[in-house]
Amino acid sequence: EDLIRRKERDGLVPVDMVHYTAAINAHAKSMAKNAVKKAEDLFSVMDEKFDLDLAAYHSLLLVYSNRGNVRMTRDLFNDILSHPVLRPNRITFTIVMEAYVRRKNKHAGERAESLLNQMIELHAAGNEDVEPDRVTHASIIRCKAVSMKKRVKDFSLFERI
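Cut-offs and rules
Residues numbered from 1 in each chain as written. Predicted model: local features only at pLDDT ≥ 70, side-chain atom pairs only at ≥ 80, totals over all residues. Heavy atoms only, no water. Helix = DSSP H or I, 4+ residues; strand = E, 2+ residues; numbered from the N terminus. Expected span 1.5 Å × (residues − 1). Buried < 20%, exposed > 50% of the residue type's maximum accessible area, 1.4 Å probe, protein only. Arc of directions from axis to C-beta. Contact = heavy atoms within 4.5 Å. Axes fitted to C-alpha atoms, helices over the stretch in contact; angles between N-to-C directions. Parallel < 35°, antiparallel > 145°, perpendicular 65-115°, else oblique. Left-handed = near helix turned anticlockwise from the far one by under 90°. Nonpolar A, V, L, I, M, F, W, Y, C, P; charged D, E, K, R; others polar. Phe/Tyr/Trp six-rings, centres within 6.5 Å; stacked < 30°, edge-to-face > 60°. Polar contact = N/O pair within 3.5 Å; in protein donor to acceptor, adjacent residues only side chain to side chain.

Peer 1: I would appreciate a short explanation of helix H3 (residues 35-49) in the present structure.
Peer 2: It helps to recall that an α-helix has 3.6 residues per turn; residues three or four apart then point in one direction. A rise of 1.5 Å per residue sets the reference length of H3, with its 15 residues, at 21 Å; its end C-alpha atoms lie 21 Å apart and thus fit the reference within 8%. All of the buried residues along H3 are Ala35, Ala39, Leu42, Phe43 and Met46. Seen end-on, H3 carries its buried residues on one side only, within an arc spanning 105°. Buried residues belonging to H3 abut helix H2 (17-29) and helix H4 (54-66).

Okay, structure coming up:
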């Protein structure tokens, strides 16, 4: 973050969206109490300067997801879905699923199944980038696991995987 400010001040190297995205990703990995605020501030600056791409949105999505902040993760996910240009991919959906896992949400399994269904619909509609992969399937299984009481009663989702 300081490096971005110095580069902008000195003007020697142009600062682009990649620099900002990398800084936000660093905040996603940080457990500092102010990491979310700093990431949001950087995202706002970036949003004013650039036409944001999916990687930029993923960086902030990771900040929220890594902390199990389901509400903020879902809000940003909905922004991506309603964006006129952006097309979500399997990574987008998997990050959202992981927010449910980290939150240990009792409805995580249901939410993951709903997200999987949404992925299947988008893929059928022509978005090739949203086809679930092994990482997505692992996230679905983790969501099901955190929402289980004592034993698995419904294997229909696992049969589809």
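Peer 1: Would you take a moment to explain the packing of H2 against H3 for this structure?
Peer 2: Two numbers describe a pair of packed helices, the interaxial angle and the distance between the axes. The contact between H2 and H3 brings their axes to 9 Å, and the two run at 165°. If you check the angle between H2 and H3, you find them roughly antiparallel. Read as a crossing pair, H2 and H3 show a hand that is left-handed. Side by side, H2 and H3 meet where Met17, Tyr20, Thr21, Ala23, Ile24 and His27 of the first sit next to Ala35, Lys38, Ala39, Leu42, Phe43, Val45, Met46 and Lys49 of the second.

Peer 1: Just checking my understanding: could you explain the packing of H3 against H4 for this structure?
Peer 2: Their axes nearest at 10 Å, the elements H3 and H4 cross at an angle of 165°. For the element pair H3 / H4, the angle class is roughly antiparallel. Between H3 and H4 lies a crossing of left-handed hand. Contacts between H3 and H4 involve Val36, Ala39, Glu40, Phe43 and Met46 on the former and, on the latter, Ala56, Tyr57, Leu60, Val63 and Tyr64. Within the contact of H3 with H4, the residues separate by chemical class into 9 nonpolar, no polar and 1 charged.

Peer 1: How do you make sense of unusual backbone geometry when you look at a structure like this?
Peer 2: Glycine aside, residues mostly have negative phi, and peptide bonds are mostly found in the trans state. A positive phi angle is found at Lys104, which is not glycine, with a value near 55°. Considering the arrangement of structural elements, one finds Lys104 in the loop between helix H6 (90-103) and helix H7 (108-124).

Peer 1: Would you explain the packing of aromatic side chains in this entry?
Peer 2: Each aromatic ring pair is specified by the distance between its two centres and by the angle formed by the two planes. Tallied over the full model, the rule gives 3 aromatic pairs. Between Phe77 and Phe93, the aromatic rings sit 5.1 Å apart at their centres with planes inclined by 80°, giving edge-to-face as the arrangement. Taken together, the positions of Phe77 in helix H5 (residues 70-82) and Phe93 in helix H6 put the pair 16 residues apart, joining distant regions of the chain. Phe77 gets classed as buried once you look at its relative accessible area, which sits at 0%.

Peer 1: What's the story with the environment of Asn89 in this structure? I'm lost.
Peer 2: Topologically, Asn89 is positioned in the loop between H5 and H6. It is 8.4 Å that separates the C-alpha atoms of Asn89 and Met119, two residues lying 30 residues apart in sequence. Setting aside chain neighbours within four positions, we find Asn89 in contact with Leu54, His58, Asp129 and Val130. Polar contacts involving the side chain of Asn89 include one to the main-chain amide nitrogen of Ile91, which spans 2.9 Å.

Peer 1: Would you take a moment to explain the side chain of Glu113 for this structure?
Peer 2: With respect to the element layout, Glu113 can be found in helix H7. Side-chain polar atoms of Glu113 contact the side chain of Lys144, separated by 3.5 Å.

Peer 1: Is there a simple way to explain the environment of Asn105 in this structure?
Peer 2: Looking at the element boundaries, Asn105 is found in the loop between H6 and H7. Asn105 sits 41 residues away from Val146 along the chain, and the two C-alpha atoms are 7.0 Å apart. Here His107 takes part through its backbone nitrogen, which lies 2.6 Å from a polar atom of the side chain of Asn105.

Peer 1: Teacher, can you tell me more about the environment of Ala55 here?
Peer 2: Examined against the element boundaries, Ala55 turns out to sit in helix H4. Sequence separation between Ala55 and Met17 is 38 residues, and the spatial gap between their C-alpha atoms is 9.4 Å.

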